[in-house]
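# Commentary on secondary and tertiary structure
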Amino acid sequence: MNDKKSVDIIQEALFSSSVFKEGGERTLNQSYIPEYLNFREDHIRRISQNFRELFASERGGYSGFSINLAITGSAGIGKTVTSRYTVDRIQSTAEKYHLKLYTEYKNCWTTRTKTSILRSILRDQFGVASRGFSDEESTDILIRRLNSEQAYLLLILDEASVLNQKDIRGFVHLSEEFGMEHRISLIMISRPTEWKVALSSMVSQRISDVIHFQPYNYEETRKILGYRSELAFKSYALSEDIVDMVAEISDQTKNLRHGIETLYRAGRAADQMRIDEITPELIRRAKNDVYPEMRADILEELNPHELFATLSVARRLHHKGITATTIEHSFKNYRIICEEWNATPNGEAAFRNYLSTLEAIGILGKVTKGVKGRKGVRARLTIHDVPAAILIERIEVFLAKQLKNET
Ligand SMILES: Nc1ncnc2c1ncn2[C@@H]1O[C@H](COP(=O)(O)OP(=O)(O)O)[C@@H](O)[C@H]1O
Ligand SMILES: [Mg+2]
């Protein structure tokens, strides 16, 4: 290929027409915070009310402030976006009132320990390189800085249950252990099961408020997706029928992220195919790719027994109302599933190893509840984000294909 031609291709790719509005593609990113959050007014109000104390000096009389909020709810229902939205606005209000407030958002899937979270706060907010410092040293610097600046820190810990128990406790006690005044507040976001089983027992006395989010219903989902489509796409690029269709997809899993992802992928596909309208066929295809937590090739990384183990958990969780199951129960299921696939089951120790692998990859979640005075801990198993029905369907199709190839 000669140079000129490549340049032309680049020019065309960069400037050719798109179904997205100028800057529209970015509004479908996971990290984008839209200007309006419909149907979450009550939650926004309630989160804000918890931080009234912060502005108490404005109303005369200020008392030390340390608020720990818990936010719970299933996946894709606006917990993250509502928290970030509200905290951003609390921050701009603080600015207006000349109150020095640092805010920080951390997803514990990405930053997995208290040590790394503290370090990144010091680096990003205060320009302090704290590599090699102990947690105590980092905390000490942080508290000193806040004290000397008369400043506060409001930290959102998203997917908080990824942190280990010691780190969770450490965060909740952060403010009290050092310094006299309460300068650090937390918003911890987690799934209801994780909250109930793992977190609440450790920290419930220190929690000011637990705010539970419910999934959106169909009407709400439809309205929100209509709004998000308007932000992202040119008006001729998609019809009302398409938005209906995407709302139905999202409503099926009760997860708004699935709808937004579907729109994003369908838009990208339309651009790649150089068509200026999103068709039902594009939506159908995008929908099938939409569980990003569950890339198709993830299954290929697993051996058959790990797949059986995944099935053993997923089948149990497929029952309505069941959000977590036990290792014992899953092990029984696993033996049955091996039989179904004409495989010899391995022992419980091996089974536990499969679960650990699946947990490390992020397919399964394990929540353990420490029982005081007892060595054994009881683990509860959950699956992440992907609906059980979809997991089951994909694994069964995959296994059927694999095992057929073998013989
Ligand atoms: N009320 C709303 N209005 C507009 N977009 C929303 C609303 N609620 C959720 N979203 C969007 O839906 C997606 C999933 O929300 P998110 O906050 O990530 O869910 P969760 O944290 O509960 O898993 C995000 O892209 C978010 O921007
Ligand atoms: Mg979230």
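The paragraphs below set out a description of the structure included in this document. If you're wondering where the values come from, they're calculated on a predicted model, not measured in any experiment.

## Regarding the overall build of the chain
For the chain, the helix and strand inventory stands at 15 helices and 8 strands. For the chain, the residues scored as buried account for 46% of the 407 residues in total. Here the analysis covers contacts within the chain between residues at least 6 apart in sequence; of these, 73% occur between residues at least 24 apart. Summing over all exposed atoms, the chain offers an accessible surface of approximately 21,300 Å²; the carbon and sulfur share of this is 48%.

## What about the packing of helix α13 (residues 327-340) against helix α14 (residues 348-361)?
Interaxial distance between α13 and α14 falls to 11 Å at its minimum, and their mutual angle equals 105°. By the angle class used here, α13 and α14 are roughly perpendicular. Contacts between α13 and α14 involve Ile327, Glu328, Ser330, Phe331 and Tyr334 from the former and Glu348, Phe351, Arg352, Tyr354 and Leu355 from the latter. For the contact of α13 with α14, a count of residues per class yields 6 nonpolar, 1 polar and 3 charged.

## So, the site of ligand 1
Neighbouring residues of ligand 1: 19 residues in total, closest Gly76, Lys79, Thr80, Tyr216 and Arg257. One of the backbone N or O atoms of Ile77 is found 3.1 Å from an oxygen atom in ligand 1. With respect to ligand 1, the side chain of Arg257 contributes an N or O atom lying 2.7 Å from an oxygen atom. For ligand 1, the accessible surface in isolation is 560 Å², of which the surrounding protein chains cover 99%. Sorting the residues of the shell around ligand 1 by element identifies α3 (79-96), α8 (218-232) and α10 (256-272) as the ones contributing at least two each. Its residues placed into classes, the shell around ligand 1 shows 10 nonpolar, 6 polar and 3 charged. Looking at which domains feed residues into the shell around ligand 1, each of domain 1 (3-28 + 216-290) and domain 2 (41-212) supplies at least three.

## Comments concerning the sheet that holds strand β5 (residues 209-212)
Strand order across the open sheet formed by 5 strands is β2-β3-β4-β1-β5, with parallel pairing between neighbours. The sheet terminates laterally at β2 (101-107) and β5, the two strands that pair on one side only. Sheet twist, expressed as the mean angle between neighbouring strand axes with direction ignored, is 15°. Two strands pair when backbone bridges link them, and strand β1 (residues 68-72) and β5 are joined in this way by 4 bridges, in the parallel orientation.

## What about the environment of Ile187?
By the secondary structure assignment, Ile187 is in strand β4 (residues 184-190). Along the primary structure Ile187 and Arg84 are separated by 103 residues, whereas in three dimensions their C-alpha atoms are 10.0 Å apart. Residues contacting Ile187, with those up to four places away along its chain left out, are Ile47, Phe51, Leu69, Ile71, Ser83, Val87, Leu154, Leu155, Ile156 and Leu157.

## Considerations on the packing of helix α12 (residues 304-317) against α13
In the contact formed by α12 and α13, the axes pass within 8 Å of each other and the chain directions differ by 120°. The angle between the axes of α12 and α13 places the two elements in the oblique class. For the crossing formed where α12 meets α13, the hand is right-handed. Here His305, Phe308, Ala309, Leu311, Ser312, Val313, Arg315 and Arg316 of α12 come into contact with α13, specifically with His329, Ser330, Asn333, Tyr334, Ile337, Cys338 and Glu340. Here the contact of α12 with α13 is composed, by residue class, of 7 nonpolar, 5 polar and 3 charged.

## Structural notes on the packing of aromatic side chains
The full count for this structure, using the stated rule, is 8 aromatic pairs. Seen from their ring centres, Phe55 and Tyr97 are 6.1 Å apart, and the 75° between their planes marks the pair as edge-to-face. Linking Phe55 in the loop between α2 (41-49) and β1 with Tyr97 in the loop between α3 and β2, this pair joins segments that are 42 residues apart in sequence. Relative accessible area serves as the criterion here: at 15%, Phe55 is assigned to the buried category. On the basis of relative accessibility, which here comes to 39%, the residue Tyr97 falls in the partly exposed class. The interplanar angle of 20° and the centroid separation of 6.0 Å between the aromatic rings of Phe331 and Tyr334 together place this pair among those described as stacked. You can see Phe331 and its partner Tyr334 sitting in helix α13, 3 residues apart, about one turn around the helix. The exposure class of Phe331 is buried, given its relative accessible area of 12%.

## Let's talk about the pairing of strand β3 (residues 152-158)
Most of β3 is tucked away, with 7 of its 7 residues classed as buried. The alternating pattern of β3 places Tyr152, Leu154, Ile156 and Asp158 and Leu153, Leu155 and Leu157 on opposite faces, both of which are buried. Bridging between β2 and β3 involves 7 bridges; their strand directions are parallel. Bridging across to β3, Tyr105 finds its partner in Ile156.

## What about the environment of Arg265?
Here Arg265 is to be found in helix α10. Exposure remark for Arg265: the relative accessible area of 29% places this residue in the partly exposed category.

## Describing unusual backbone geometry
Unlike most non-glycine residues, Phe39 shows phi in positive territory, near 65°. Considering the arrangement of structural elements, one finds Phe39 in the loop between α1 (3-15) and α2. Since its relative accessible area comes to 28%, Phe39 is described here as partly exposed. The residue Glu159 is not glycine, and still its phi comes out positive at about 50°. Summarising the element assignment, Glu159 is placed in the loop between β3 and α6 (165-177).

Cut-offs and rules
- Residues numbered from 1 in each chain as written.
- Chains lettered and ligands numbered in written order.
- Predicted model: local features only at pLDDT ≥ 70, side-chain atom pairs only at ≥ 80, totals over all residues.
- Heavy atoms only, no water.
- Helix = DSSP H or I, 4+ residues; strand = E, 2+ residues; numbered from the N terminus.
- Buried < 20%, exposed > 50% of the residue type's maximum accessible area, 1.4 Å probe, protein only.
- Contact = heavy atoms within 4.5 Å.
- Areas by Shrake-Rupley, 256 points an atom, 1.4 Å probe, with all protein chains shown as cover.
- Axes fitted to C-alpha atoms, helices over the stretch in contact; angles between N-to-C directions.
- Parallel < 35°, antiparallel > 145°, perpendicular 65-115°, else oblique.
- Nonpolar A, V, L, I, M, F, W, Y, C, P; charged D, E, K, R; others polar.
- Near = heavy atom within 4 Å.
- Polar contact = N/O pair within 3.5 Å; in protein donor to acceptor, adjacent residues only side chain to side chain.
- Domains from an automatic or database assignment.
- Pairing = 2+ DSSP bridges.
- Left-handed = near helix turned anticlockwise from the far one by under 90°.
- Phe/Tyr/Trp six-rings, centres within 6.5 Å; stacked < 30°, edge-to-face > 60°.

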